[in-house]
Amino acid sequence: MAATTKEDAGRSNMPVAVGAGIRIVAWNILSLVIALGIWQLASRAVGSPFFPAPMQIVDAFIQLATRGDTTGHSLWEHSWASIERVLVGFGLGVVFAVPLGLLMGLYPKLYAGTRAVIEPFRFIPPIAWIPLAIIFFSGLTRFAFLIFLGAFFPIFTSTLVGVARVEPIHRKVGIVHGAGKLWILRKVVIPTVMPDIMAGMRVGLGTAWLTIVAAELAGGISTGLGRMMTNYAELLMVPHVIVGMLLIGLIGFLMNEVLLLIERRLFRWRWQVSL
Amino acid sequence: MHAPISLAKVDVDASHRYGPLLVHDGLKFSVAANEFICICGPSGCGKTTLLDMLAGILVPSSGHVLIDGTQANPKEHSISFVFQEPSTFPWLTVSENVATGLNIKGAPADQVRSKVANIIDIVGLKGFEDYYPHQISGGMKQRVAIARAFATEADLILMDEPFVSLDQPTREHMQREVLDIWRHMKRTVIFVTHNLEEAVYLADRVIILSAKPARIVAELPISLQHPRDPLSVEFTEIRSKCVQWLHAAH
Ligand SMILES: Nc1ncnc2c1ncn2[C@@H]1O[C@H](COP(=O)(O)OP(=O)(O)OP(=O)(O)O)[C@@H](O)[C@H]1O
Ligand SMILES: [Mg+2]
């Protein structure tokens, strides 16, 4: 057998080389600077107090971060309140959606027989549950419930679809060696479905954030980034509202990056598709 | 005295239909323990279906498939199967793939490690242990599947056109290895191939099936000594007989 060459051994075990990594960071910084520059120019051209320049956002951020908001809550309190709600609701979504998706994927009759109950719920946006949630629940439970609804269906549906991707030949490999159902579930079904579960989780996380902000805007609580934004919008303090928006974007982005990082670890076996 | 443990005597007397499609019509033959059988027949005549029945994956719609007198069952009999289609797990490395069968059987870790290393060496994949299937070639993937099947040292080895994706020298090397394993470890081998030269080179007996619904059209015992010389007169004679039967089978 021919010995492996160096390039062969390194191929796609290391997704991005170090040099290329630095270049990507540089490009991202550059595009960020350009975007901020355009913003700055546009705000100067408009010259309205409702179209603040980037520096005003920074000022608002510093003010919120060091002195807190008009109601005495710090920026961290607001952020953490939102993050905690998302994590609890999203976690519950994963815990219920994955096993249920696997079960219904493996026993299609179960799904076929209960579709009429499950599917209509999918088309009720989580936001439409807010009025009911306000009546029935309070505090963390209310938000966890709403976010659970938002995260559940993307994860459930993609898990369900993923099970159909299991290759019959892989099942046969297990059976021929005398494997039982549990082995096939653990060593064939779950590894096959894992990429779909992760994809569903990323979509679900997006829906979770969408839902949390809407739910917090609806009021009834004193903390949360959505709440903070509504307070400042009522005061017409645009830079503070924008701080809230940017933080929501940033936290969502970071959570997504964490999921992507896990995916990269988990799916080293997958080839990188590029066009 | 040791009792003979690996027997794997096979008795087939079965008919099978997929819905309205009759695939096997009273297929009846026996395989002695430690015999090497090659099965040839027209494409789509039901060779893979037959191996699935022998592996206990598929139950014939009537009749029986017995291993040592009991209904073929992968949980009771020690069977391995090299599939016709690619069958490596893409999420496992080469050595993890090869270890699959041993792990299912619950072999101790150190034994798994040494057996895997040994068989990977035999199939010529040394140095690729930590590669994922998408990083190796089609023929290498097939050798991973072969190694996985051999690692468990099963009593009954089923092989479904295992060497089609290999180049001639590698194919010859693998044929010699299979013969070696078969001779030293005393296994029963049932080997499906379209290549009659391969069949005559390997088998104690070649079974030729007809087109659907499949019956046995000929059984040709081959008593030539190993290693066989494909250029010898006896070899070419048997091979041309096989060719004639296969044409008759269509
Ligand atoms: N799961 C199935 N359901 C219905 N029909 C099937 C199924 N599997 C195989 N068949 C049919 O049974 C027949 C025999 O198939 P099989 O795969 O056993 O052929 P084969 O002899 O292995 O062919 P080849 O040499 O091309 O591999 C074919 O006509 C095929 O269409
Ligand atoms: Mg076949």
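Residues numbered from 1 in each chain as written. Chains lettered and ligands numbered in written order. Predicted model: local features only at pLDDT ≥ 70, side-chain atom pairs only at ≥ 80, totals over all residues. Heavy atoms only, no water.

Draft legend 1. Broad picture of the state of the cysteines. All names here are of chain B. Scanning the entire structure with this criterion turns up 0 disulfides over all chains. Counting only cysteine sulfurs, cysteine 40 is the nearest neighbor of cysteine 38, a cysteine outside any disulfide, at a range of 6.3 Å. Look at cysteine 38 and you get buried, because its relative accessible area is 0%. (Disulfide = S-S within 2.5 Å. Buried < 20%, exposed > 50% of the residue type's maximum accessible area, 1.4 Å probe, protein only.)

Draft legend 2. Focus on the confidence of the model for chain B. Across chain B, pLDDT averages 93, with 98% of residues at or above 70. Our summary of model confidence lists the complex with pTM equal to 0.86 and ipTM equal to 0.92. (pLDDT = per-residue confidence, 0-100.)

Draft legend 3. Region of the structure containing the interface of chain A and chain B. Listed as interface residues are 28 residues of chain A and, on the opposing side, 31 residues of chain B. Summing the contributions of chain A and of chain B, the shared interface buries around 2700 Å²; its carbon and sulfur component is 67%. Of all residues in chain A, Val176, His177 and Trp269 of chain A give up the largest surface area on contact with chain B, accounting jointly for 28% of the area buried on that side. Our count for the chain A to chain B interface comes out at 1 salt bridge. Across the salt bridge formed by lysine 172 of chain A and aspartate 52 of chain B, the nearest N and O atoms sit 3.0 Å from each other. Inspection of the chain A/chain B interface yields 5 residue pairs in polar contact (both at pLDDT 80 or more). If you list the elements that add at least two residues to the side of chain A that touches chain B, you get helix H1 (6-10), helix H8 (168-176) and helix H9 (181-217) of chain A. Among the elements that line the side of chain A that touches chain B, the one with the most residues is H8 of chain A, at 7 residues. Looking at the side of chain A that touches chain B residue by residue, the class counts come to 13 nonpolar, 9 polar and 6 charged. (Contact = heavy atoms within 4.5 Å. Buried area = accessible area lost by both parts, 1.4 Å probe. Salt bridge = Lys/Arg side-chain N within 4 Å of Asp/Glu carboxyl O. Polar contact = N/O pair within 3.5 Å; in protein donor to acceptor, adjacent residues only side chain to side chain. Helix = DSSP H or I, 4+ residues; strand = E, 2+ residues; numbered from the N terminus. Nonpolar A, V, L, I, M, F, W, Y, C, P; charged D, E, K, R; others polar.)

Draft legend 4. Representation of the site of ligand 1. Residues and elements named next belong to chain B. By nearness alone, 14 residues border ligand 1, and Ser43, Lys47, Thr48, Thr49 and Lys212 come closest of all. Between an oxygen atom of ligand 1 and a side-chain N or O atom of threonine 48, the distance comes to 2.6 Å. Residue glutamine 84 places a side-chain N or O atom 2.8 Å away from an oxygen atom belonging to ligand 1. Alone, ligand 1 offers 630 Å² of accessible surface; in the complex the protein occludes 63% of this. Here the residues of the shell around ligand 1 are counted per class, giving 4 nonpolar, 7 polar and 3 charged. (Near = heavy atom within 4 Å. Areas by Shrake-Rupley, 256 points an atom, 1.4 Å probe, with all protein chains shown as cover.)

Draft legend 5. Region of interest: the sheet that holds strand E10 (residues 216-221) of chain B. Residues and elements named next belong to chain B. In space, the 6 strands of this open sheet follow the order E6-E7-E8-E3-E9-E10, with mixed pairing throughout. Bordering the open sheet on either side are strand E6 (79-82) and E10, each of which pairs with just one other strand. Taken pair by pair, the neighbouring strands of this sheet meet at an average axis angle of 15 degrees, ignoring direction. Of the strand pairs in this sheet, E6 and strand E7 (residues 156-160) are connected by 4 bridges, and their pairing is parallel. Paired with phenylalanine 81 across the strands is leucine 158, a residue of E7. (Pairing = 2+ DSSP bridges. Axes fitted to C-alpha atoms, helices over the stretch in contact; angles between N-to-C directions.)

Draft legend 6. Geometry of the coordination of the magnesium ion (ligand 2). Residues and elements named next belong to chain B. Here the magnesium ion (ligand 2) is held by Thr48 (OG1) and Gln84 (OE1), and the distances to it run 1.9 to 2.2 Å. Of this pair, threonine 48 sits in helix H1 (residues 47-54) while glutamine 84 sits in the loop between E6 and helix H2 (94-104), and the two are 36 residues apart along the sequence. Given the relative accessible area of 28%, threonine 48 is considered partly exposed. (Donors = N, O, S within 2.8 Å, 3.2 Å for Na, K, Ca; no water.)

Draft legend 7. Representation of the pattern of salt bridges. All names here are of chain A. Under the defined criterion, the tally for this structure stands at 12 salt bridges over all chains. The residue aspartate 196 makes a salt bridge to arginine 165 at a minimum N-O spacing of 2.8 Å. Residue aspartate 196 is located in helix H9, and its partner arginine 165 is located in the loop between helix H7 (139-163) and H8; the two are separated by 31 residues in the primary sequence. Judged by its relative accessible area of 46%, arginine 165 falls in the partly exposed class.

Draft legend 8. View of H8 of chain A. Across the 9 residues that make up H8 of chain A, a large majority, 7, are buried. Buried positions along H8 of chain A lie against H9 of chain A together with H1, E6, H2 and helix H4 (138-151) of chain B.

Draft legend 9. Region of interest: the environment of leucine 106 of chain A. Residue and element names in this part refer to chain A. If you trace the backbone, leucine 106 turns up in helix H4 (residues 75-106). Residue class for leucine 106 comes out partly exposed when judged on its relative accessible area of 35%. Considered as a pair, leucine 106 and valine 163 are 57 residues apart in the sequence and their alpha carbons are 6.8 Å apart. What leucine 106 contacts, discounting residues up to four positions off in sequence, is Val163, Leu185 and Val189.

Draft legend 10. Spotlight on the nonpolar core. Counting residues in hydrophobic clusters, the biggest one holds 97 residues, and the most contacted among them are Phe156 and Trp209 of chain A together with Ile39, Leu54, Leu158 and Ile190 of chain B. If we skip the residues at most four places from it in the chain, isoleucine 190 of chain B touches Val10, Val31, Ile37, Ile39, Leu51, Leu54, Leu156, Ile157, Leu158 and Met159 of chain B. Val82, Ile146, Ala147 and Val189 of chain B belong to the second-largest nonpolar core, a separate cluster that totals 51 residues. (Core = buried A, V, L, I, M, F, W, Y, C linked by side-chain atoms within 4.5 Å.)

Draft legend 11. Representation of the pairing of strand E4 (residues 62-67) of chain B in the model. Residues and elements named next belong to chain B. With 6 bridges joining them, strand E1 (residues 10-18) and E4 adopt antiparallel strand pairing. Bridging across to E4, serine 15 finds its partner in serine 62. Pairing analysis gives 2 bridges linking E4 to strand E5 (residues 70-71), with the strands arranged antiparallel. When the bridges of E5 are listed, leucine 66 appears paired with glutamine 71. Count of turn residues in the E4/E5 antiparallel hairpin: 2 residues, of which aspartate 68 carries a positive phi of about 50 degrees.

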